[in-house]
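# Reading the structure
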Amino acid sequence: MGSLNDNDCRPVGSYPPSGIDVLIVGTGLAGLTASIECVRKGHNVRILERHDDINTAGDMYFMGHSATKFFRHWPELKREYELISMNNAWIETFKHSGERQITPLKVSDRLRQEGMDPNTPPGAFQMRPLIYRMYLNEVHRQGIKIQFGQRVVDYYEDEARRKAGVLTESGERFEADVVIAADGVGSKCQKLVGGQVRAMSAGRAMWRAAFPIHHLDKNPKLKEFLKMGGENGEDPMVRTWLGPGTYAMVLIRKETCVWIMNHDITESAEESWTHTVSSDEVLDTIDRGLDPDSTWDPRIKELIKLMPPDTIINFELFWRNPQPSWTSPGARVVLIGDAAHSFLPASGNGATQAIEDAVSLATCLQLGGKQNVPEAVRTHVRFRFIRCSCAQKMGFSNAELLQHTDWKKVAVNPKLAQPKLPRWIWKHDPEQYAYDHYEKMVDTIRKGIPFDQVDTVPPNYPPGYKYQPWNIDDMYRDVENKTVNMGSGDWD
């Protein structure tokens, strides 16, 4: 078994070889994080990717502080992250129709107003292409092998041989001591773990576009409106528009403009980062369902008009109901990231929880050792399931704030026009939590204590919360009725 020293958080090369062979399927944030953290913990790593290359396209996502704490072990990765981060960003808020509701304010100043440390923000928006290149640089530095063009069609395990594996479309088999399914919401692993095999459409989609900022030169008036923040006009600026059943965001930084908008599903929506639609299609449907006297801000429409061809992605959102079963029966195959728990974009938590999963799992495997892989995997799931379920529910609470904004209340309390980022989410350290509580959680498994009745391990979810199963349909109904109930506990 690995060490349980209080400060057992050390850089790559510090841990002895564990002898654990790890096979990772997928090169999203969960898979790439798992690859480097498993290497750091002394495991042997291979990665399978279904595409012929890693897709570094896309726009932005929010990375919480809890997901970046492990960067302290990776000096080069941390340096690159600090160079691309937008910690000096500004933010302002509008109604969907264009009226400004919250004047521009630096994110650090907002944190001060809320009594938080501006030097330790709960997270930051990041550009997906830059983050992926940062990760790939570290993967290459570590010499981790990625085998491309390997589309996994089935997962299996052989408990007698203490092995698990996958079957690819070409008929090849790959085996390891543990297989990490980090292949997204459509993972073929669902059948093996006993989960909901088919993902459900959320009935929602995201228009997403990222393009060079020089395209704003086509409309000088719009360019002036979308200028960057700060005294010198050099700080990134995030602008949000909140409307009935929808919201949009525009990010401006030196080289790039990013626009995203949440909307009801249209016929052309697909779960793909390469499927694009025309500006005309978006403009034809953007006001659908809105009061004719309160349509979308004309400046948003002007922005859409000047976007270059083949830029706007219409990304359909898929869901699975939360499921406590993330592992195969013998616990040698485990889901992480979106494969285990999909998130609404409004949650601001999908990327964060995917990275936390990877850090937690690599640590549990190191602590359990090669002879106790199934127990280590099950312990990891106990650390993660209720926390992720709560973070998923936060997405619905945030959707209610963003899609059914009460502007009278916002005038008194501007926090009601921005997603909640409670301390129990961003202050968490998944690695240290595993070191501190691994033995206690293992003991609950050995004693047969149900996961939702554990009281010997401090919660990494809202204090006082008691887990209750929930489903997506009910939560969506609550969002539309503005009656989202998070349940017991302190969610702030």
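So, a few notes on the structure that sits alongside this text.

The next thing to look at is the overall build of the protein. Each helix and strand counted, the protein has 15 helices and 18 strands in total. A compact globule built from 492 residues should have a C-alpha radius of gyration of about 23 Å, and the protein, at 22 Å, falls within 12% of that. Dimensions of the protein along its principal axes, counting C-alpha atoms only, are 65 × 50 × 40 Å. Counting over 492 residues, the protein shows a buried share of 58%. Within the protein, contacts between residues separated by at least 24 positions form 76% of all contacts whose residues are at least 6 apart in sequence. Carbon together with sulfur atoms contributes 48% to the accessible area of the protein, which is approximately 20600 Å² in total. Looking at charge distribution, the protein has the averaged site of its 59 positive side-chain charges lying 3 Å from that of its 65 negative ones.

This part takes up the layout of surface pockets. Its boundaries defined by the atoms lining it, the second largest pocket holds a volume of some 330 Å³. Lining of the second largest pocket is provided by 17 residues; of these, His65, Thr68, Phe71, Tyr81 and Asn87 occupy positions nearest its centre. Contributing elements (two or more residues each) for the lining of the second largest pocket: β3 (60-64), α2 (65-68), α3 (75-84) and β6 (123-127). The biggest single contributor to the lining of the second largest pocket is α3, with three residues. Here the residues of the lining of the second largest pocket sort into five nonpolar, eight polar and four charged.

This part covers the sheet that holds strand β1 (residues 21-25). Across the sheet, which stays open at both edges, the five strands sit in the order β7-β2-β1-β11-β18 with parallel pairing between neighbours. A single partner strand is all that each edge strand has here, and the edge strands are β7 (145-147) and β18 (333-335). In this sheet, neighbouring strand axes are inclined to one another by 20 degrees on average, regardless of whether the strands run parallel or antiparallel. Pairing geometry for strand β2 (residues 44-48) and β7, over three bridges, is parallel. Residue pairing in the sheet places Arg46 in a bridge with Lys145 of β7.

In this section: the packing of helix α1 (residues 29-40) against helix α10 (residues 350-368). Two quantities define a packed helix pair, namely the angle between the helix axes and the distance between the axes. At their nearest, the axes of α1 and α10 sit 8 Å apart, and the two run at 25 degrees to each other. With respect to each other, α1 and α10 are oriented roughly parallel. In this structure, α1 meets α10 at a crossing whose hand is right-handed. Here Leu29, Ala30, Thr33, Ala34, Glu37 and Cys38 of α1 come into contact with α10, specifically with Ala351, Ala354, Ile355, Ala358, Val359 and Ala362. Here the residues of the contact of α1 with α10 are counted per class, giving ten nonpolar, one polar and one charged.

So, on to the packing of aromatic side chains. Under the definition given, this model contains 15 aromatic pairs. Arranged with centres 4.9 Å apart and planes meeting at 65 degrees, the rings of Phe70 and Phe71 form a pair that is edge-to-face. Residues Phe385 and Tyr467 carry aromatic rings whose centres are separated by 5.4 Å and whose planes lie at 70 degrees to one another, so their mutual orientation is edge-to-face. In this pair, Phe385 sits in helix α11 (residues 373-403) while Tyr467 sits in the loop between α14 (430-446) and α15 (472-481), placing the two residues 82 residues apart along the sequence. Just as Phe385 is buried, Tyr467 falls in that class too. Within the aromatic cluster, the residues linked to one another by ring pairs are Trp326, Phe385, Phe451 and Tyr467. Over the ring of Tyr156 we find Arg173, and its NZ or CZ is 5.1 Å from the ring centre.

Overall, the coordinates contain four cavities of 30 Å³ or more when judged by the stated rule. What the largest cavity holds in volume is close to 110 Å³. Along its surface, the largest cavity is lined by Arg382, Phe383, Ile386, Tyr433, Met441, Phe451, Val454, Val457, Pro458, Pro459, Asn460 and Tyr461. At the level of elements, α11 and α14 are the ones that each hand at least two residues to the lining of the largest cavity. Element by element, the count of residues in the lining of the largest cavity is highest for α11, at three residues.

What follows is about the state of the cysteines. In the structure shown here, the tally under the stated rule is zero disulfides. Unpaired in terms of disulfides, Cys364 finds its nearest cysteine sulfur in Cys38, a separation of 11 Å. Cys390 supplies the cysteine sulfur nearest to Cys388, a cysteine that is in no disulfide, at a spacing of 9.4 Å. We classify Cys388 as buried; its relative accessible area is 0%.

This paragraph deals with the environment of Ala202. When you line up the elements, Ala202 lands in strand β12 (residues 200-212). Take Ala202: its relative accessible area is 13%, and that puts it in the buried class. Counting along the chain gives 224 residues from Ala202 to Trp426, while the straight-line C-alpha distance between them is 26 Å. The contact partners of Ala202, leaving out residues within four places of it in the chain, are Leu317, Phe318, Trp319 and Tyr476.

One can describe the packing of α3 onto helix α5 (residues 128-141) by two numbers: an axis separation of 10 Å at closest approach and a directional angle of 165 degrees. Between α3 and α5, the angle falls in the class roughly antiparallel. Considering only the axes of α3 and α5, their crossing is right-handed. Facing α3, whose interface residues are Glu76, Leu77, Glu80, Tyr81 and Ile84, α5 presents Leu130, Ile131, Met134, Asn137, Glu138 and Arg141.

Quick look at the sheet that holds strand β15 (residues 256-264) now. On the basis of which strands lie adjacent, the open sheet formed by eight strands has the order β5-β4-β13-β14-β15-β12-β17-β16 and mixed pairing. Of all the strands in the sheet, the pair left with one neighbour each is β5 (100-106) and β16 (276-277). Across the sheet, helix α9 (residues 298-305) is in contact with β4 (90-95), β12, β13 (237-243), β14 (246-252), β15 and β17 (312-319); its angle to β15 comes to roughly 115 degrees.

About the cut-offs
Residues numbered from 1 in each chain as written. Predicted model: local features only at pLDDT ≥ 70, side-chain atom pairs only at ≥ 80, totals over all residues. Heavy atoms only, no water. Helix = DSSP H or I, 4+ residues; strand = E, 2+ residues; numbered from the N terminus. Rg over C-alpha atoms; globule rule 2.2 N^0.38 Å. Buried < 20%, exposed > 50% of the residue type's maximum accessible area, 1.4 Å probe, protein only. Contact = heavy atoms within 4.5 Å. Areas by Shrake-Rupley, 256 points an atom, 1.4 Å probe, with all protein chains shown as cover. Lys, Arg positive; Asp, Glu negative; His and termini not counted. Charge placed at Lys NZ, Arg CZ, Asp CG, Glu CD. 1 Å grid on protein atoms, 1.4 Å probe; cavity = no way out; pocket = protein on both sides within 12 Å on 5 of 7 lines; lining within 4 Å. Points joined across faces, edges and corners; volume = space filled by probe spheres on them. Nonpolar A, V, L, I, M, F, W, Y, C, P; charged D, E, K, R; others polar. Pairing = 2+ DSSP bridges. Axes fitted to C-alpha atoms, helices over the stretch in contact; angles between N-to-C directions. Parallel < 35°, antiparallel > 145°, perpendicular 65-115°, else oblique. Left-handed = near helix turned anticlockwise from the far one by under 90°. Phe/Tyr/Trp six-rings, centres within 6.5 Å; stacked < 30°, edge-to-face > 60°. Lys NZ or Arg CZ within 6 Å of the ring centre and 35° of its normal. Disulfide = S-S within 2.5 Å.

These values are about where atoms sit, not about what they do.
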